[in-house]
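# Structure assessment
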Amino acid sequence: MTTSEPRYRPLPTEIPSGLCSNPHHAVEEHGAPSSLQIERPQRNLQERHLSMIALAGMIGTGLFLSSGRALVQAGPLGCVLGFMIMGTVTASIAYSSAEMSAFKPVSGGFVRHATMWIDESTGLAIGYFFLLSCNLVSQVTYRWNFWYSMAITMPTEISAATTLLGFWNSGLDDFIPITIFWVVIAIINFSPVRVYGEFEFYFAFLKVAVIVGFIIGGLVLDLGGFAAQERLGFRYWSHPYPLFREYVTTGLQGRFLGFWSTMILAAFAYGNVQVVAIAGAETRDPRKAIPNALKRTFFRVVFFYVASILVISLTVPADDERLRLETGNANQSPFVVAFNRAGITAFPSIINAVVLTSAFSSGNSCTFLASRTLYGLALDGHAPSLFLKLNRFGVPYVAVAASVIWGGVAYLSLDHGAYQAFLWLVSLVTTAGILSWVIIGVTYLRFFYALRAQRIPRSCLPYRSPFQPYITYYGLGMNILILLCSGWISFYPTFSPSLFFSNYLNCLIYPALYFGCKMWFRDKIIPLNAIDFHTEFAIMEVEDEELHKTSFYDRRVLLLYGIF
């Protein structure tokens, strides 16, 4: 195979009929299925769905439950700064992803962008070794790993949701809710994509409503607005409460480790910004909807996170022992602790209900991401063409079935020993979110410099993200640093082999796969001048913006959406 020709050519389903007369566009590569047998998923999501899907993916149990641990470890100022800085890192990924996805909205999102603009391999190893060279199987391995990580996370979220139900009824047989959650997730994902979008829209709206209510209520609490409640102000930001708490060790090093631990917690809490790029291929007018959704969603999420963390730090001291609880339900939530300290006892049930919907929503989203990733693999010929089959709603039902079947693993939680083994397997892919951000950063740099090498001005793109490529370098560097330092706790106070391998096993496995496959296949990356942009520009010239009638229901919901 030579490197003078583009290694990626769009499948006919990605090309309007007016361009299909060019035989160059009909080339089948790497076993991709025949163009006559492929149908495109229906674009039935709207921009409001996409924005709220992003909100639902980025505001999860990390904010409601884990933010208390961040406050304990870092102190009030360290905690707020950690979430603010990680917000800027998330921004770099969101903007880069928006620019690429607006130009090329494809099923499979960023994992297929990597195939098109780096190599079929993209390299996991790029993130670990700062290299711009890859191989065929390592990218395929990464994409299969992303599908696996999403599929295996779904039963984890089902188990978490079942644990949350125990807050109200500790004697409930876990078999029943696990079955119900699994069946409902399956029904949603086999249904038209709009059904998935509507569920995520209202789940996200519920989260936002509770967060806004907490921020307002917390400020009233801090200012002494409730009966028999004194004004707190910045009491917990001044002596004897330190702004930066010591963690693991003492002194300046301990305060830095507390701050850095919050950075890592925030990185995992923000996660899943890439869901927009994957869902965008099934959205109306994706070249406009994707950047709009990412831009407005990002600022909302950062505001909600930072404002919530600030209010928590104002109303709850970092040494409150209830923040150290690991119940898995609302009792450990700093949202609940704040109001319990003021004698308001109704809030725990509300928060537990929201966290329950959050866990269910996360499991639902993971199934959606897994199925679309598997569909994208099949489009590129890296998975059997069986996964390309669509039902009458335009949903890749075989890919959904292969992804939703993993929900049965949640039944392992009924046996403690088996479930511990399952959690260990899950820990192997917990870095997948950060790793995907690294891949997005590397892919964007290839995309950016290929445009420059081919003298294509970015003004031709549907959306241009600001401050490029500098913000991508910043986000890429920070994510690599977080990825490499995510398991630092395994070295303190003494080295723990079990913690080390659970945090870094991926970092050991994939370089071995990379070098092994590199020696075996001896393939090369695509030269910047050979990356194919012109086909997509030709598509943009002939495609017409699809006109859709807005129903009465949609017009009413858009008013609700506009509130937030």
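By convention here, each chain's residues receive numbers from 1 onward along its written sequence. With pLDDT at 70 or above as the cut-off, local features in this predicted model cover only qualifying residues; side-chain atom pairs require 80 or more to be listed or tallied, and sums for whole chains, interfaces and linings still use all residues. As a rule here, side-chain values come from all non-hydrogen atoms in the structure, and water together with hydrogens is ignored.

Strands are runs of DSSP state E lasting at least two residues, helices are runs of H or I lasting at least four, and both sets are numbered from the N terminus onward. When you go through the protein residue by residue, the secondary structure sums to 19 helices and 0 strands. Throughout, exposure labels follow a simple rule: accessible area from a 1.4 Å probe, protein chains only, divided by the maximum for the residue type, with under 20% read as buried, over 50% as exposed, and the rest as partly exposed. Taking all 564 residues of the protein together, the buried fraction comes to 59%. Here a residue-residue contact requires only that any non-hydrogen atoms of the pair lie within 4.5 Å. Taking as baseline every contact in the protein between residues at least 6 positions apart, the subset at least 24 positions apart corresponds to 80%. Areas reported here follow the Shrake-Rupley algorithm with a probe of radius 1.4 Å; residue values treat only the protein chains shown as occluding. In the form shown here, the protein has an accessible surface area of approximately 22,200 Å², with 64% of it arising from carbon and sulfur atoms.

When a carboxyl oxygen of Asp or Glu lies within 4 Å of a side-chain nitrogen of Lys or Arg, that pair is called a salt bridge. Throughout the structure, instances matching the rule amount to 9 salt bridges. A salt bridge links Glu 536 to Arg 287; the nearest nitrogen and oxygen atoms lie 2.8 Å apart. One end of the pair, Glu 536, is in helix α18 (residues 534-542); the other, Arg 287, is in helix α10 (residues 286-315), with 249 residues separating them in the sequence. For Glu 536, a relative accessible area of 5% translates into the label buried. Under the relative-accessibility criterion, Arg 287 is labelled buried at 11%.

We now examine the nonpolar core. Each nonpolar core is a collection of buried residues, namely Ala, Val, Leu, Ile, Met, Phe, Trp, Tyr and Cys, held together in the definition by side-chain atoms within 4.5 Å. Ranked by internal contacts, the top residues of the largest apolar core, which has 108 residues, are Ile 59, Phe 83, Met 86, Tyr 270, Phe 447 and Phe 533. The leading source of residues in this core is helix α2 (residues 61-103), at 14 residues. One finds Ala 94, Ala 289, Ile 290 and Leu 294 within the second-largest nonpolar core, a separate group that totals 12 residues.

How two aromatic rings sit relative to each other is given by the distance of their centres and the angle of their planes. Aromatic rings from Phe, Tyr and Trp, taking only the six-membered ring of Trp, are treated as a pair when their centres fall within 6.5 Å; an angle between ring planes under 30 degrees marks them as stacked, one over 60 as edge-to-face, and anything in between as tilted. For the coordinates displayed, the defined rule picks out 28 aromatic pairs. Taking 4.7 Å as the distance between ring centres and 40° as the angle between the ring planes, the aromatic pair formed by Trp 117 and Phe 447 counts as tilted. Taken together, the residues span a long stretch of sequence, with Trp 117 in helix α3 (residues 110-117) and Phe 447 in helix α15 (residues 432-453) at a distance of 330 residues. Take Phe 447: its relative accessible area is 0%, and that puts it in the buried class. Centroid distance Phe 256 to Trp 260: 6.3 Å. Interplanar angle 15°. Geometry classified as stacked.

Here helix α6 (residues 175-190) spans 23 Å end to end across 16 residues, near enough to the 22 Å set by a 1.5 Å rise per residue. The complete set of buried residues in α6 reads Pro 177, Ile 178, Phe 181, Ile 185, Ala 186, Ile 188 and Asn 189. Taken down its axis, α6 places every buried residue within 165° of arc, on the same side. For a helix, the expected span equals 1.5 Å multiplied by the residue count minus one. Taken from the helix axis, the directions to the C-beta atoms give the arc we talk about.

Moving on: the packing of helix α7 (residues 193-222) against helix α11 (residues 334-341). With axes taken as lines fitted to C-alpha atoms, and helix axes fitted only over the stretch in contact, angles between N-to-C directions fall between 0 and 180 degrees. For the pair α7 and α11, the least separation of the axes is 11 Å and the interaxial angle reads 35°. Like other packed secondary-structure pairs, α7 and α11 cross with a definite hand, here left-handed. From α7, Phe 214, Gly 217, Gly 218 and Leu 221 reach across to α11, where they touch Phe 335, Ala 338 and Phe 339. Three classes are used, and their members are as follows: Ala, Val, Leu, Ile, Met, Phe, Trp, Tyr, Cys and Pro are nonpolar, Asp, Glu, Lys and Arg are charged, and the others, Gly among them, are polar. Among the residues making up the contact of α7 with α11, the classes are represented as 5 nonpolar, 2 polar and no charged. Crossing handedness is defined as follows: a turn of the near helix away from the far one that is anticlockwise and smaller than a right angle gives a left-handed crossing, while the clockwise case is right-handed.

Right, let's get into the confidence of the model for the protein. The pLDDT score gives, residue by residue, the confidence of the prediction method on a 0 to 100 scale. With 73% of its residues at a pLDDT of 70 or more, the protein shows a mean pLDDT of 75. Of all the helices and strands in the protein, helix α4 (residues 124-129) carries the lowest mean pLDDT, 33, while α6 carries the highest, 92. In the model, residues 122-139 has pLDDT below 50 throughout and makes 68 contacts with residues more than four positions away in sequence or in other chains.

You can see Phe 226 is positioned in the loop between α7 and α8 (251-270). Judged by relative accessible area, Phe 226 falls into the partly exposed class, the value being 29%. Residues Phe 226 and Ile 344, 118 residues apart in the sequence, show an inter-C-alpha distance of 9.7 Å.

In this structure, Pro 240 follows His 239 across a cis peptide bond, with omega equal to 10°. Within the secondary structure, Pro 240 sits in the loop between α7 and α8. A cis geometry characterises the amide bond from Gln 468 onward to Pro 469, with omega recorded as 5°. Mapped onto the fold, Pro 469 is located in the loop between α15 and α16 (470-485). Positive phi, close to 75°, is recorded for Val 248, a residue that is not glycine.

Turning next to the packing of α7 against helix α12 (residues 347-379). Packed helices, taken two at a time, are described by the angle their axes make and the gap between the axes. At a minimum axis separation of 10 Å, α7 and α12 run at an interaxial angle of 145°. Classified by chirality, the crossing of α12 by α7 is left-handed. On α12, the residues that touch Val 193, Tyr 196, Glu 200, Phe 203, Leu 206, Lys 207, Val 210 and Phe 214 of α7 are Phe 347, Ile 351, Val 354, Thr 357, Ser 358, Phe 360, Ser 361, Asn 364, Ser 365, Phe 368 and Arg 372. Its residues assigned to classes, the contact of α7 with α12 shows 11 nonpolar, 5 polar and 3 charged.

A separate point is the environment of Ser 385. With respect to the element layout, Ser 385 can be found in the loop between α12 and α13 (397-404). Separated by 10 residues in sequence, Ser 385 and Tyr 375 have C-alpha atoms that sit 8.8 Å apart.

Turning our attention to α7. Over its 30 residues, α7 extends 43 Å from the first C-alpha to the last, a length consistent with the 44 Å expected when each residue adds 1.5 Å. Looking one or two residues past α7, Gly 224 carries a phi angle of roughly 75°, positive in sign.

Patch criteria: residues need more than 30% relative accessible area and no salt bridge. Like-charged residues are merged within 9 Å; nonpolar side chains of Val, Leu, Ile, Met, Phe, Trp and Tyr are merged within 5 Å. Side chains of Phe 175, Ile 176, Ile 180 and Leu 414 sit close together on the surface and give an oily, nonpolar patch of about 370 Å² of accessible area. As for its placement among the helices and strands, Ile 176 is situated in helix α6.

As a further point, take the environment of Tyr 463. Along the chain, Tyr 463 turns up in the loop between α15 and α16. In the structure, Tyr 463 is positioned 362 residues away from Ser 101 in sequence and 9.3 Å away in space, judged by C-alpha atoms.

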